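# What the coordinates show
Next come the chains, spelled out residue by residue.
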Amino acid sequence: ERITAGALSRQGLPELEPHGPPPQLSTEFWLIVEGDPAVKIRGQDARQFLIGLQPVLIGRRDPQTFNYPHIDLQGVADFCYTARRHARLQVIGQQLFITDLKGEGTTAVNEPNNRLSMEHPHELHDGDRIIIGEAVTFRVAIEQND
């Protein structure tokens, strides 16, 4: 025998506060493309990219696997050194982090020898340079909002 309930009663349920706008970052995180003008930023022709609350993927586009990263290195970097899903940028709290997704020492910060460990987020600071493979460099600009 199946038991069905009638309409749920709101009696005794707490009133919920209405959701407001998403939280605002008090800091702006910018990724500035240095060097090769063939680097493509999804939906923009600009050389600067504002990083918001959503993670940003750096890699090579591949229509066969439906991989379309935010920062597209297709045609810029050597396939041996860049992956379709190469690195991820994300804001955690009020800090910006990069995570290497490929491994093999092909993502570095500031110096080619300062290679990132795979799947370990690395905190970025104003002026840091992200080196992808052998051909692509980005600069991080962090601006405090008043």
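Residues numbered from 1 in each chain as written. Predicted model: local features only at pLDDT ≥ 70, side-chain atom pairs only at ≥ 80, totals over all residues. Heavy atoms only, no water.

### Focus on the nonpolar core
- Ranked by size, the top nonpolar core spans 25 residues in total, and within it L31, I51, I58, I71, L89, I130 and F138 carry the most contacts.
- Counting only elements with at least two residues in this core, the list comes to strand 1 (27–34), strand 3 (48–51), strand 4 (56–59), strand 6 (87–92), strand 7 (95–100), strand 10 (129–132) and strand 11 (136–144).
- Discounting chain neighbours no more than four positions away, the residues touching I71 are L31, V39, K40, I41, F49, V56, L57, I58, G59 and F138. (Core = buried A, V, L, I, M, F, W, Y, C linked by side-chain atoms within 4.5 Å. Buried < 20%, exposed > 50% of the residue type's maximum accessible area, 1.4 Å probe, protein only. Helix = DSSP H or I, 4+ residues; strand = E, 2+ residues; numbered from the N terminus. Contact = heavy atoms within 4.5 Å.)

### Here we look at the sheet that holds strand 5 (residues 71–72)
- Within the open sheet, the 6 strands sit side by side as 2-5-4-6-7-9. Their pairing is mixed. The sheet terminates laterally at strand 2 (40–41) and strand 9 (122–124), the two strands that pair on one side only.
- Two strands pair when backbone bridges link them, and strand 4 and strand 6 are joined in this way by 3 bridges, in the antiparallel orientation. By the bridge assignment, I58 is partnered in strand 6 with A87. (Pairing = 2+ DSSP bridges.)

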